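Chain residues, written in single-letter form:
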Amino acid sequence: MKKLSVICLLVLGIILISGCIDGKKTNSKTSTSSQPSINETSKETSASPSISIPSPSDNYSSAAVPDISQPKSVPGEFEININSYYFVYLRNNHVIYENTTKGAFDLVEKNYVMYNLSIKNNGTNNLNFSINKLQLHARDQVFTPGDPGTKLQYIGKWLYVLSDIENENRLNNTMLHPNQTLKGIAIFKVDNYTTLFDRSFSLSYNTTPIPSTSIEKSLEALRVAEQFDYSIAFKTPPYDCDMWEDHSYDFPESKHPYVWANWVNRTVFESYKTIDEMSLSKEKPGNIPHTEIAYAVKVIPEQDLTVFHTDHSTVYEERNSGPYSIRSEGKYKGTQLYVVDDTGEEVFNKSIDPLRDDIGLAMLDDQTYRPFSENMPQMLIPRATIVHFSFNSIYGWSLDMRFTFNDQDIILDEQHNIILARYEFTKMVS
């Protein structure tokens, strides 16, 4: 009987133990199936990402979602904008020999790209602007700024664009205080004429691209301005063979070097560049002339402009004092063209005196270019591009040298129609 009782207890114990083991297995399976795996959680998160916007109490300097409608800034540093830009080509055959400048058969070219920049410190701490962190990209080439003290060799009195460059503030290493803005030009010397006129440029600071949407649009306006046949607007051919009356649409090579330009575009510049060089190569070694050429362009993109003129002739006052006639002069003489932006700041002013033969102004009126008249109305030109040209070509000998100088001011509308064109020329023989 006792043996039977022991056997029953052993059987009951085995049953209880096996039931406990089965219960643990069942609970384990239930627990695993009720929770998603780590991989499943990752998949759900990557499919529906969430971006948290830090609250003011969070230790972040800015929101996680950028506002792409605002001007792009260099991260943590500056807001940089391009106000205007220049392309400059210079060439001459000057050599210094025993403290005297002489002509040579070798021509030396210099090619420059320049940007007028506005640089603002948007931070709360002082920041150091480094000129060497600016880079100009031209396809597969990269250029760094040249010496801020670079001087351009030219006859400044006659070329307004190059005079503007000399009057510009030159950017250099500078510490900017919070909210302080620095304006000035950075000068890049590029390697050759082809690079300069390819114009596939972009600008960066500390490897971050500087916004250039307005620049890309203005390059198309520049292309139109350079290719335009200004005889349509100015009613005169480009070339003058006797300084006043013998005009020609084609460069009269047989009369070189005594050919002057009435106005300039890219074709006129290229003609002088090519023919001056060809003529130099034909000169005798003991009779080498001086030759010099400059072509400079300044572009100001996307400006809301107001254009008007003022007759300043009334500010001249004459009065007699005994045997003498005294003439009191105001700031300007004759009729002046004014161009101002939407803030009221003057962009430029130039003479358009109708009594001068060396200056002219044409305006687009009902698809026709008409010369300036005193009843010219005030003009509003939104989102306009301004293109300034300066050109000169010099060729000859000390007592027989031809000088031709040209300055032009062109205003194009948003559709790149030339709305206004002004020319000014100087023609001389030494």
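In this report, we go over the structure that sits alongside the text. Every value quoted in this text rests on a predicted model; they were computed, and no experiment measured them. (Residues numbered from 1 in each chain as written. Predicted model: local features only at pLDDT ≥ 70, side-chain atom pairs only at ≥ 80, totals over all residues. Heavy atoms only, no water.)

1. Brief notes about the sheet that holds strand 8 (residues 201–205)
One open sheet accounts for four strands, arranged 5-4-8-9; its pairing is antiparallel. A strand with exactly one partner marks an edge of an open sheet, and here the two such strands are strand 5 (141–143) and strand 9 (208–209). In this sheet, strand 9 lies alongside strand 8 in antiparallel orientation, the contact comprising two bridges. Across the sheet, tyrosine 205 pairs through a bridge with threonine 208, a residue of strand 9. (Pairing = 2+ DSSP bridges. Helix = DSSP H or I, 4+ residues; strand = E, 2+ residues; numbered from the N terminus.)

2. Details of the pattern of salt bridges
In total, this model carries 20 salt bridges according to the counting rule given. Its salt-bridge partner being glutamate 220, residue arginine 223 comes within 2.5 Å of it at the nearest N-O pair. Remark: glutamate 220 and arginine 223 occur in helix 5 (residues 213–227); sequence separation between them is three residues, near one turn of the helix. Residue class for arginine 223 comes out partly exposed when judged on its relative accessible area of 36%. Glutamate 220 gets classed as partly exposed once you look at its relative accessible area, which sits at 31%. A salt bridge links glutamate 302 to arginine 383, with the shortest nitrogen-to-oxygen separation between them at 3.0 Å. Highlighted residues: glutamate 302 in strand 13 (residues 290–311) and arginine 383 in strand 20 (residues 379–397), separated in sequence by 81 residues. For glutamate 302, a relative accessible area of 31% translates into the label partly exposed. For arginine 383, a relative accessible area of 34% translates into the label partly exposed. One salt-bridge network, in which partners are shared between bridges, spans Lys350, Arg356, Asp358, Asp409, Arg422 and Glu424. (Salt bridge = Lys/Arg side-chain N within 4 Å of Asp/Glu carboxyl O. Buried < 20%, exposed > 50% of the residue type's maximum accessible area, 1.4 Å probe, protein only.)

3. Digging into the sheet that holds strand 11 (residues 247–248)
Spatially, 11-10-12 is the arrangement adopted by the three strands of the open sheet, whose pairing is antiparallel. Edge positions in the sheet fall to strand 11 and strand 12 (260–261), since each has one partner strand and no second. As paired elements, strand 10 (residues 239–240) and strand 11 share two bridges and run antiparallel to each other. Across the sheet, aspartate 240 pairs through a bridge with histidine 247, a residue of strand 11.

4. A short note on the environment of lysine 284
Of note, lysine 284 is situated in the loop between helix 7 (266–281) and strand 13. Classification of lysine 284 by relative accessible area gives exposed; the value is 65%. Between the alpha carbons of lysine 284 and phenylalanine 105 there is a distance of 9.8 Å; along the sequence they are 179 residues apart.

5. What about the packing of aromatic side chains?
Enumeration over the complete set of coordinates arrives at 29 aromatic pairs. Summarising the aromatic geometry, the rings of tyrosine 115 and phenylalanine 188 are spaced 6.5 Å apart at their centres and angled 80° between planes, so their arrangement reads as edge-to-face. Of this pair, tyrosine 115 sits in strand 2 (residues 100–121) while phenylalanine 188 sits in strand 7 (residues 181–190), and the two are 73 residues apart along the sequence. Judged by relative accessible area, tyrosine 115 falls into the buried class, the value being 3%. Using a relative accessible area of 0% as the deciding quantity, one classes phenylalanine 188 as buried. An angle of 15° between the planes, with centres 5.3 Å apart, marks the rings of phenylalanine 129 and tyrosine 205 as stacked. Placement of phenylalanine 129 in strand 3 (residues 127–129) and of tyrosine 205 in strand 8 is noted, with a sequence separation of 76 residues between them. For the pair phenylalanine 129 and tyrosine 205, a shared accessibility class is recorded, and that class is buried. Joined through ring pairs, the aromatic side chains of Tyr89, Tyr193, Phe197, Tyr239, Phe251, Phe269, Tyr272, Tyr295, Phe389 and Phe391 make up one cluster. (Phe/Tyr/Trp six-rings, centres within 6.5 Å; stacked < 30°, edge-to-face > 60°.)

Keep in mind these numbers describe shape, not what the thing actually does.
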